[in-house]
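Letter by letter, the chains look like this.
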Number of protein chains: 2
Amino acid sequence: MNITRAEIDAMESRYRAALMNSVTGYKPANLVGSCDGEGVTNLAIMSSAVHLGSHPPLVMLVLRPVAAAQHTLENILATKHYTLNHVHSDFYKAAHQTAARYDRDVSEFDEVGLTPLWRDGFTAPFVQEAAIRIGLELREHRPLEINGTQLLIGEIVSLDVPAGALMDDGSIQLEAAGSVALSGLDSYFETRLLDRLPYAKPGNG
Amino acid sequence: MNITRAEIDAMESRYRAALMNSVTGYKPANLVGSCDGEGVTNLAIMSSAVHLGSHPPLVMLVLRPVAAAQHTLENILATKHYTLNHVHSDFYKAAHQTAARYDRDVSEFDEVGLTPLWRDGFTAPFVQEAAIRIGLELREHRPLEINGTQLLIGEIVSLDVPAGALMDDGSIQLEAAGSVALSGLDSYFETRLLDRLPYAKPGNG
């Protein structure tokens, strides 16, 4: 079925949000860890991390203008440090619960039962339960006037990967690590590898 | 294992690219369709589409500064129209092959064996074989000085979704549509729904 722009604009807002959050396809499921100047930790599930470059290693995060993202944004702007932690199939329910609108002085780690992991010289908490953890230092913050979203560009300063999931060519076997994919606002998926394909060159097709 | 930033910087470049393309987690697999002013069509697989907003419905695309993305970028800037088409498990090999470095006057549709679908008043081709197709009109183009990537923000002007995959709440059942997820540069995945979780509120945890 074809849906026109006028039909999208006329949709009930929660229906439209569910649809628009589904149309781009599968999304990564990550927990973003941060901390304010007083040591109050924050943890927020986000599905908007994008690879921006390898050299230097850069990750972009899109923060929607919603209450749940506000504490994360303030913490990152204040301390410049944040973490990205994969969500795995054994704790996706706890990860999802971080999206609830907790007060600023409440730590989502405590509320959902995940464990902060600290590293020397790094002011943001990692998630102990995550097998893949990225430490990021803020490089750029770009608010987008078009709809009030915020782009954060961070440089990878440290990376944890399970040795068993790291392949000889540098790629990570995400299914071996137990990472889940997200779609829409609330659907969590396990995966099954279909294929790895060779580098594409004209004439292969 | 912990990998430091110095170790990342010292990696062989293809190894580093494979690793850095894996660290954010699963990615959506989409084909971006475009056309130049002379009617030469272009099709490029991209894994960087991000939901940016629902009202208005906006999608952001990150274009890496590589040859394969150059024709797509030029076409979109010239015509302002482009399409995003889901990759499904029955044609992921053809989709992957669009990443090869074809000459400007060659259409990836012809080379990989996919079918352009045209709509009245819209200058970019959709992919007939894709069940989920988005027509986009360019709203903003932001080059990022930090590493030469280009952000394209587009507004959804039309949307095709199979009626059988559209749920009562507006979300799309991506596994029913056959959409695949990507990781790294070359790994394609089918999915299995683990769970849909209720809207998170304090006290659920």
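Please read all numbers here as calculations on a predicted model, not as lab measurements.

**Re the overall build of chain A**
Then comes step 1: Secondary structure summary: chain A contains six helices and 13 strands in total.
Then comes step 2: Projected onto its principal axes, the C-alpha coordinates of chain A cover approximately 55 × 50 × 30 Å.
Then comes step 3: Taken over 205 residues, chain A has a buried fraction of 50%.
Then comes step 4: Across chain A, contacts joining residues at least 24 apart in sequence account for 63% of those joining residues at least 6 apart.

**Section: the interface of chain B and chain A**
Then comes step 1: With 90 residues of chain B in contact, the opposing surface of chain A contributes 90 residues.
Then comes step 2: The biggest single contributor to the side of chain B that touches chain A is strand 13 (residues 187-196) of chain B, with 10 residues.
Then comes step 3: Considered class by class, the residues forming the side of chain B that touches chain A number 45 nonpolar, 29 polar and 16 charged.

**Regarding the relation of the copies chain B and chain A**
Two chain copies here: they are related by a rotation about an axis and a translation along the same axis.
Then comes step 1: It takes a turn of 180 degrees to lay chain B on chain A, together with a shift of 0.0 Å along the axis; the resulting RMSD is 0.0 Å. Seen this way, the second copy is the image of the first under a two-fold rotation axis. Measuring from the rotation axis to each C-alpha of chain B, the shortest distance belongs to T191 of chain B, at 2.1 Å.
Then comes step 2: Of the interface residues in chain B, 100% have counterparts in chain A that sit at the interface too, so the contact is made through matching surfaces.

**A short note on the environment of A6 of chain B**
Then comes step 1: Tracing the chain through its elements places A6 of chain B in helix 1 (residues 5-10).
Then comes step 2: Spatially, the C-alpha atom of A6 of chain B lies 15 Å from that of A17 of chain B, the residues being 11 residues apart in sequence.

**Here's the deal with the pairing of strand 13 of chain B**
Then comes step 1: The pairing of strand 13 (residues 187-196) of chain A with strand 13 of chain B spans nine bridges and is classified as antiparallel. Residue E190 of chain A lies in a different strand from strand 13 of chain B, and its bridge partner there is R192 of chain B.
Then comes step 2: The sheet contact formed by strand 12 (residues 181-183) of chain B and strand 13 of chain B spans three bridges and is antiparallel. Bridge assignment links A181 of chain B to a residue of strand 13 of chain B, and that residue is F189 of chain B.
Then comes step 3: Here strand 12 of chain B folds back onto strand 13 of chain B in antiparallel fashion, the turn holding three residues, of which G184 of chain B has a positive phi close to 60 degrees.

**A look at unusual backbone geometry**
All names here are of chain A.
Then comes step 1: In the segment running from H55 into P56, the intervening peptide bond is cis, with an omega of 5 degrees.
Then comes step 2: Mapping P56 onto the fold places it in the loop between strand 5 (49-54) and strand 6 (57-63).
Then comes step 3: The phi torsion at K80 lies on the positive side, around 70 degrees, for a residue other than glycine.
Then comes step 4: Owing to 15 C-beta atoms within 10 Å, K80 belongs among the partly exposed residues under this scheme.

**A closer look at the environment of Y102 of chain B**
Then comes step 1: Its place among the elements puts Y102 of chain B in the loop between helix 4 (92-97) and helix 5 (108-112).
Then comes step 2: Along the chain, Y102 of chain B and H71 of chain B lie 31 residues apart, while their C-alpha atoms are 9.7 Å from each other.
Then comes step 3: With near-sequence residues (within four places) excluded, Y102 of chain B lies in contact with P202 of chain A together with E108 and E111 of chain B.

**A word on the nonpolar core**
Then comes step 1: Membership of the largest hydrophobic core comes to 120 residues, with the highest contact counts inside it found for V59 and M60 of chain A together with V59 of chain B.
Then comes step 2: Discounting chain neighbours no more than four positions away, the residues touching V59 of chain A are A49, H51, L52, L84, I134, L136, G154 and I156 of chain A together with T24 of chain B.

**So, the sheet that holds strand 12 (residues 181-183) of chain A**
Then comes step 1: Read from one edge to the other, the open sheet built from six strands follows the order 2(A)-12(A)-13(A)-13(B)-12(B)-2(B), with strand pairing classed as antiparallel. The open sheet is flanked by strand 2 (27-28) of chain A together with strand 2 (27-28) of chain B, the only strands paired with a single partner.

**Concerning the pairing of strand 3 (residues 30-35) of chain B**
Residue and element names in this part refer to chain B.
Then comes step 1: When you tally the buried positions in strand 3, you get six out of six residues, the bulk of the element.
Then comes step 2: Neither face of strand 3 is open: one carries N30, V32 and S34, the other L31, G33 and C35, and all of them are buried.
Then comes step 3: For strand 3 and strand 4 (residues 41-46), the ladder comprises six bridges, and the chain directions are antiparallel. Across the sheet, V32 pairs through a bridge with A44, a residue of strand 4.
Then comes step 4: The turn linking strand 3 back onto strand 4 is made up of five residues, and G39 within it adopts a positive phi angle of 85 degrees.
Then comes step 5: Sheet topology note: the strand 3/strand 7 (residues 81-86) ladder contains four bridges and is antiparallel. By the bridge assignment for strand 7, V32 is matched with L84.

**Looking at helix 2 (residues 13-20) of chain A**
Every α-helix carries 3.6 residues per turn, so stepping three or four residues along brings you back to the same face.
Then comes step 1: Where helix 2 of chain A is concerned, the buried positions are A17, A18, L19 and M20 of chain A.
Then comes step 2: As for helix 2 of chain A, its buried residues are in contact with strand 5 (49-54) and strand 6 (57-63) of chain B.

**Looking at the confidence of the model for chain A**
Then comes step 1: In this model, chain A carries an average pLDDT of 95, and 99% of its residues clear a pLDDT of 70 or more.
Then comes step 2: The ipTM for the predicted assembly is 0.96, set against a pTM of 0.96.

How each quantity is defined
Residues numbered from 1 in each chain as written. Chains lettered and ligands numbered in written order. Predicted model: local features only at pLDDT ≥ 70, side-chain atom pairs only at ≥ 80, totals over all residues. Helix = DSSP H or I, 4+ residues; strand = E, 2+ residues; numbered from the N terminus. Buried ≥ 20, exposed ≤ 12 C-beta atoms within 10 Å, placed from the backbone. Contact = placed C-beta atoms within 7 Å. Nonpolar A, V, L, I, M, F, W, Y, C, P; charged D, E, K, R; others polar. Least-squares fit on C-alpha atoms with pLDDT ≥ 70 in both. Pairing = 2+ DSSP bridges. Core = buried A, V, L, I, M, F, W, Y, C linked by C-beta atoms within 7 Å. pLDDT = per-residue confidence, 0-100.

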